[in-house]
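Here's the letter readout for the chains.
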Amino acid sequence: MNPSTLTPSHTLLLPSSAYHARRRRFRVSLPRCSSDAASVPPPPPPPQRPPKDLKGIELLVDKLSPPARLATSAILVAGAVAAGYGLGSRFGASRYAAIGGAVALGAAGGAAAYALNAAAPQVAAVNLHNYVAAFDDPAKLKKEEIEAIAAKYGVSKQDEAFKAEICDIYSEFVSSVLPPGGEELKGDEVDRIISFKNSLGIDDPDAATMHMEIGRKFFRQRLEVGDRDADIEQRRAFQKLIYVSNLVFGDASSFLLPWKRVFKITDSQIEVAVRDNAQRLYASKLKSVGRDIDAEQLVALREAQLLCRLSDELAENLFREHARKLVEENISVAIGILKSRGRAVPGVSEAVSELNRVLAFNSLLVSFKNHPDVDQFARGIGPVSLVGGEYGGDRKIEDLKLLYRAYVSDALSGGRMEDNKLAALNQLRNIFGLGKREAESISLDVTSKVYRKRLAQAASEGELEMADSKAAFLQNLCDELHFDPQKASELHEEIYRQKLQKCVANGELNDEDVAALLRLRVMLCIPQPIVEAAHSDICGSLFEKIVMDAIASGVDGYDADIQKSVRKAAHGLRLTREIAMSIASKAVRKIFINYIKRARAAGNRTESAKELKKMIAFNTLVVTKLVEDIKGESTDVSTEEPVKEVITQSEDEEWDSIQTLKKVRPNEDLMEKLGKPGQTEITLKDDLPERDRTDLYKTYLLFCLTGEVTRVPFGAQITTKKDDSEYLLLNQLGGILGLSGKEIVEVHRGLAEQAFRQQAEVILADGQLTKARVEQLGNLQKQVGLPQEYAQKIIKSITTTKMAAAIETAVTQGRLNMKQIRELKEASVDLDSMVSENLRETVFKKTVDDIFSSGTGEFDEEEVYEKIPSDLNINKEKARRVVHELAKSRLSNSLVQAVSLLRQRNRQGVVSSLNDLLACDKAVPSQTVSWEVPEELADLYSIYLKSDPTPENLSRLQYLLGINDSTAAALRERGDRLLDATAEEEKFVF
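Rules used throughout
- Residues numbered from 1 in each chain as written.
- Predicted model: local features only at pLDDT ≥ 70, side-chain atom pairs only at ≥ 80, totals over all residues.
- Heavy atoms only, no water.
- Helix = DSSP H or I, 4+ residues; strand = E, 2+ residues; numbered from the N terminus.
- Buried < 20%, exposed > 50% of the residue type's maximum accessible area, 1.4 Å probe, protein only.
- Contact = heavy atoms within 4.5 Å.
- Areas by Shrake-Rupley, 256 points an atom, 1.4 Å probe, with all protein chains shown as cover.
- Salt bridge = Lys/Arg side-chain N within 4 Å of Asp/Glu carboxyl O.
- Core = buried A, V, L, I, M, F, W, Y, C linked by side-chain atoms within 4.5 Å.
- Axes fitted to C-alpha atoms, helices over the stretch in contact; angles between N-to-C directions.
- Parallel < 35°, antiparallel > 145°, perpendicular 65-115°, else oblique.
- Left-handed = near helix turned anticlockwise from the far one by under 90°.
- Nonpolar A, V, L, I, M, F, W, Y, C, P; charged D, E, K, R; others polar.
- Expected span 1.5 Å × (residues − 1).
- Phe/Tyr/Trp six-rings, centres within 6.5 Å; stacked < 30°, edge-to-face > 60°.
- pLDDT = per-residue confidence, 0-100.
- Polar contact = N/O pair within 3.5 Å; in protein donor to acceptor, adjacent residues only side chain to side chain.
- Patch = residues over 30% accessible without salt bridge, like charges linked within 9 Å, V, L, I, M, F, W, Y side chains within 5 Å.
- Lys, Arg positive; Asp, Glu negative; His and termini not counted.
- Charge placed at Lys NZ, Arg CZ, Asp CG, Glu CD.

J.: Quick question: what am I supposed to make of the overall build of the protein chain here?
T.: Along the backbone of the protein chain there are 46 helices and two strands. Counting every position in the protein chain, which comprises 990 residues, the buried fraction comes to 43%. Considering only intrachain contacts with a sequence separation of at least 6, the fraction spanning at least 24 residues in the protein chain is 75%. Summed over its atoms, the accessible surface of the protein chain is roughly 52500 Å², and 51% of this surface lies on carbon and sulfur atoms.

J.: How do you make sense of unusual backbone geometry when you look at a structure like this?
T.: A negative phi angle characterises most non-glycine residues, just as the trans form characterises most peptide bonds. Of note in this structure, His-482 is not a glycine but carries a positive phi near 55°. Its place among the elements puts His-482 in the loop between helix 20 (470-481) and helix 21 (485-503). The class of His-482 is partly exposed, set by a relative accessible area of 41%.

J.: What is the right way to read the environment of Tyr-697 from this model?
T.: Within the fold, Tyr-697 resides in helix 32 (residues 690-706). Accessibility expressed as a relative area gives 0% for Tyr-697, which makes it buried. Separated by 51 residues in sequence, Tyr-697 and His-748 have C-alpha atoms that sit 9.6 Å apart.

J.: I'm lost on the pattern of salt bridges in this one. Help?
T.: Side-chain pairing between opposite charges can occur once the charged atoms of the two side chains come close. One pass over the structure, following the stated rule, counts 40 salt bridges. Notably, a salt bridge pairs Arg-693 with Glu-743, separated by 3.8 Å at the nearest N-O pair. Here Glu-743 lies in helix 34 (residues 741-763) and Arg-693 lies in helix 32, a separation of 50 residues in the sequence. No difference in accessibility class separates Arg-693 from Glu-743, as the two residues are buried. Salt-bridge contacts for Asp-850 lead to Lys-846; the nearest nitrogen and oxygen are separated by 3.4 Å. Pair noted here: Asp-850 and Lys-846 are both in helix 39 (residues 837-852), with a separation of four residues, about one helical turn. Here Lys-846 falls in the partly exposed class, since its relative accessible area comes to 40%.

J.: Explanation requested: the nonpolar core in the structure shown.
T.: As a rule of thumb, soluble globular proteins bury nonpolar side chains together. If you look at the biggest cluster of nonpolar residues, it comprises 174 residues, and the most contacted ones within it are Tyr-170, Trp-259, Phe-432, Tyr-451 and Phe-543. No other element matches helix 26 (residues 577-601), which puts eleven residues into this core. Grouped together as the second largest cluster of nonpolar side chains are 46 residues, Phe-844, Leu-895, Ala-968 and Leu-971 included.

J.: How do you make sense of the packing of helix 18 (residues 436-460) against helix 21 when you look at a structure like this?
T.: Between two packed helices, what matters for the description is the angle formed by their axes and the separation of those axes. Where helix 18 contacts helix 21, the two axes come as close as 11 Å, and the packing angle between them is 60°. As far as their axial angle goes, helix 21 and helix 18 are oblique. Crossing geometry of helix 18 relative to helix 21 is assigned as right-handed. Listed contacts from helix 21 to Leu-444, Ser-448, Tyr-451, Arg-452 and Leu-455 of helix 18 are Lys-487, Ala-488, Leu-491, His-492, Glu-494, Ile-495 and Gln-498. Each residue belonging to the contact of helix 18 with helix 21 can be placed in one class, and the counts come to six nonpolar, three polar and three charged.

J.: Please explain helix 6 (residues 160-177) as it appears in this structure.
T.: At 3.6 residues per turn, the α-helix brings residues three or four places apart onto the same side. With 18 residues, helix 6 extends 25 Å between its outermost C-alpha atoms, agreeing within 8% with the 26 Å of an ideal straight helix rising 1.5 Å per residue. Counting buried positions along helix 6 gives 13 out of 18 residues, so the element sits mostly inside the fold.

J.: Please clarify how helix 33 (residues 725-736) should be interpreted in this entry.
T.: Relative to the 16 Å expected for twelve residues at 1.5 Å per residue, helix 33 spans 17 Å between its end C-alpha atoms, a close match to the ideal helical length. Within helix 33, eleven of the twelve residues are buried, which leaves it mostly tucked inside the rest of the structure. For helix 33, the complete set of buried residues consists of Ser-725, Glu-726, Tyr-727, Leu-728, Leu-730, Asn-731, Gln-732, Leu-733, Gly-734, Gly-735 and Ile-736. Looking one or two residues beyond helix 33, the residue adopting positive phi is Gly-738, at roughly 70°.

J.: Sorry, what's going on with the packing of aromatic side chains here?
T.: Each aromatic ring pair is described using two quantities: the centre-to-centre distance and the angle formed by the ring planes. In this structure the tally under the stated criterion is nine aromatic pairs. With a centroid separation of 5.9 Å and 85° between ring planes, the pair formed by Phe-238 and Trp-259 is classed as edge-to-face. Taken as a pair, Phe-238 in helix 9 (residues 228-249) and Trp-259 in helix 11 (residues 259-263) lie far apart in primary sequence, 21 residues in all. In this structure Phe-238 comes out as buried when scored by relative accessible area, which is 2%. Note on Phe-238 and Phe-263: the rings are 5.2 Å apart at their centroids and 70° apart in plane angle, and the pair reads as edge-to-face.

J.: In this structure, what is going on with the confidence of the model for the protein chain? I would like to understand it.
T.: Caution applies to low-pLDDT parts of the model: their predicted coordinates are not meant to be read in detail. Per-residue pLDDT for the protein chain has a mean of 76; in total, 73% of the residues score no lower than 70. Note that residues 636-651 has pLDDT below 50 and, in this model, 24 contacts with residues that lie over four places away or in other chains. Counted against residues more than four places away or in other chains, residues 976-990, with its pLDDT under 50, gives 13 contacts.

J.: What exactly am I supposed to notice about the side chain of Ser-284 here?
T.: Among the structural elements, Ser-284 can be located in helix 12 (residues 267-286). The exposure class assigned to Ser-284 is buried, which follows from its relative accessible area of 17%. A distance of 2.4 Å separates the side chain of Ser-284 from the backbone oxygen of Leu-281, its partner in a polar contact.

J.: Help me out: how do you make sense of the environment of Asn-964 in this one?
T.: Counting through the fold element by element, Asn-964 comes out in the loop between helix 44 (951-961) and helix 45 (965-974). Among the polar contacts listed, one links the side chain of Asn-964 to the side chain of Thr-967, at a separation of 2.5 Å.

J.: Explain the packing of helix 26 against helix 27 (residues 605-631) to me, please; I cannot follow it from the model alone.
T.: Running from amino to carboxyl end, helix 26 crosses helix 27 at an angle of 170°, the nearest separation of the two axes being 10 Å. With respect to helix 27, the axis of helix 26 lies roughly antiparallel. Facing Arg-577, Ala-580, Met-581, Ala-584, Val-588, Ile-591, Phe-592, Tyr-595, Ile-596, Arg-598 and Ala-599 of helix 26, the residues of helix 27 in contact are Ser-608, Glu-611, Leu-612, Lys-614, Met-615, Phe-618, Asn-619, Val-623, Leu-626, Val-627, Ile-630 and Lys-631. Considering only residue class, the contact of helix 26 with helix 27 consists of 16 nonpolar, two polar and five charged.

J.: Help me understand a negative patch on the surface, please; the structure alone is not making it clear to me.
T.: Together, Glu-858, Asp-860, Glu-861 and Glu-862 make up a negatively charged patch on the protein surface. Taking the relative accessible area as the measure of exposure, Glu-861 reaches 45% and is therefore partly exposed.

Here's what the structure looks like:
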């Protein structure tokens, strides 16, 4: 059976089986490929089989042909019979004796003849043994020769002795063909065994039995060894036996080779044996594949894979692993060249040659993958990848980056990047498994150096300066190198910054430096914003250091030398006034923030005010001079006050009314006494939230109002009043904090409102505003300096709050009706804000309930559904639902109440209850009511009849009580039966 038709099976591990025995081997010639012969030494020739000798009768049988043997047997039997008959006749003297002698010697002759013929199979077996032993290569044995030997001695191949010899020869041949456990299969074992089996003419069951016997010998010998290495070797030998045997017998191996039953192994273990040996065998075939592989080799590999019964997935992995190892060899050589210390100059060109071989091999595999006959090729052809190999991890990534850098450098060695080199670099990046960012970083680094070199060359030769279009020249240079123009712009900026740093090494820029920078800027097409940013960073850092030194000198250390250095730096570094002020502002604001932090961390208001005063002094004595030096202004030029600017923008009467604001505006005498004010260009407006800035301002304002508090022994405190100079410092503090005039006014007015509200709440404790209290509040307003409109708002807020509480209490207690509510609304009292919606709905519900219990029987829909909800500002639809719910519940209650009063003989109460019933019916028209005692309903109608009702009410009541017209007429004629029968009992006091 052809083993190539077998399908591979899944694999597991195989248990160990030992095999360590001496084998009888034939001397066989093993064909080897050139690569195997060069790498693996030939095995020693197997010992020859010793010939066997014939003994006794076997020598005679060997001399006789089958016909001669038969004739000899007949002659022997006949002669024995005749001799026996003659002897019996001579010595027995009777005919019976002669017959007995003939029988006796005939039997002996027959036995001799049988022995002669029975020795023929053994003689044939010995001759077969000696015949095979004479062959140097038993594989050359032919089936006809075996049959000729059997025919020579007239025996059958199924004869026990002859068959045993054939099986023994086959077993020895199989054992000699299978390599030891430490050696790998050569790939021709299956074909040789099948060929030899066919030559011997041995049947498959007999041959399979010999394979099982070989397996038993392996298993027995495994039990005899105790060495672990020997055990592993025997296990591998047993696996090779299973693999080769399954290929020899093909599909029939499932029932001819009972591995599982005999050796107690599983299907998975058998599959592992087949898989592992197939992999090793296919791997040995791959060793002959080099970097110059062709289509014929790929087809041969595919055929070898099918013969080995190896799955496509495993074959693909093995081929890729082999291709990866070939590439790794070139990579290792290239890395060795680059890292070689024996070279004066690293052999970049030699390393690149190795990489070119890698790229050529990769391109060859890619071309085979796109071949139209790719299905006939070995599995796994395609681009090479280093993943899973020696260079697949992070440990060797730096070596791969070094190679990639070397290839990029070689590609740019001519001063330009060719398109084919770009494609090669992409292939190399994919082979190395480098990330896109890593490869781009390496390419950018190398290309940047080449671009810088080309740029310097063009500038030194004047080619760039003479170009009509600098931008076109630079763009063309980027195109030649395949360099990103954006990266080129960044490189131009870096070059400009380096030039600028070199020019400002002495602390200033002279005219020559400025001209050189301008020339460089024009050649490199650097935009103005980038130039300004470079000057701001480099010159600004130098200027910042000088500013920090000036600030660190403190209040007393800002002398003429520092002023000179600041002025020199501000103008010598060619910084714009805006940039210089921005740098100084950043440094000054850090100092301001430190003062603010200490002020917040202070234990009381006085300590906080002291820290704020230090900040004000620092601003006046240091920061102000610093700003003047940066601007180049004279120290005699005064700075305009910020509060004066905002004063002109605010209402004069408001400033004049608040007393603390008046003091913030210093007079000329005080200004002359304290000196010029501080600067206001550097502020904390953008560093602190508005609330924090107003809180700091308020803290110092309260300090100005209360004065400095000093603690003395025994828990006493002494308050030292301050003069108006503190308010001037408060004005400067507002400028440092960046507060606008409106924000300052809000702080002062807030304190005034707070003081006025505290006193006004005491005066208006009961919410009543009398004439005397109005005068008292007016004096208080003038005292705190609060404008009239704000004072009125506070007074209205207090009275409204007090009134709202009183109104809410009246509503809760039920002492407020609709008449009073309408009077309050006419008095412009905002009830909506004073009384919640729930309480207003409660008032509406109580009003409607009063209508339904008034006893008049009236219900004005417009009043109830429109006017009252509008006055109370509640939802009209919701009000309508409330009326309907109350009407339905009050209607039945009114009937019950009327009957109850009827039984009490309360005529007027009965009439009122019936009127309430009619009022509810007007709100929600009802059906005829039911009652258990119809006579009582007739009595109710009679009583209501006597109360002079309107015809409409009487008719509606008749319908509601369910009284027909005849009964109503009878009641009108008969009169009030109840009142006539009990006239004396009607006199009672309600």
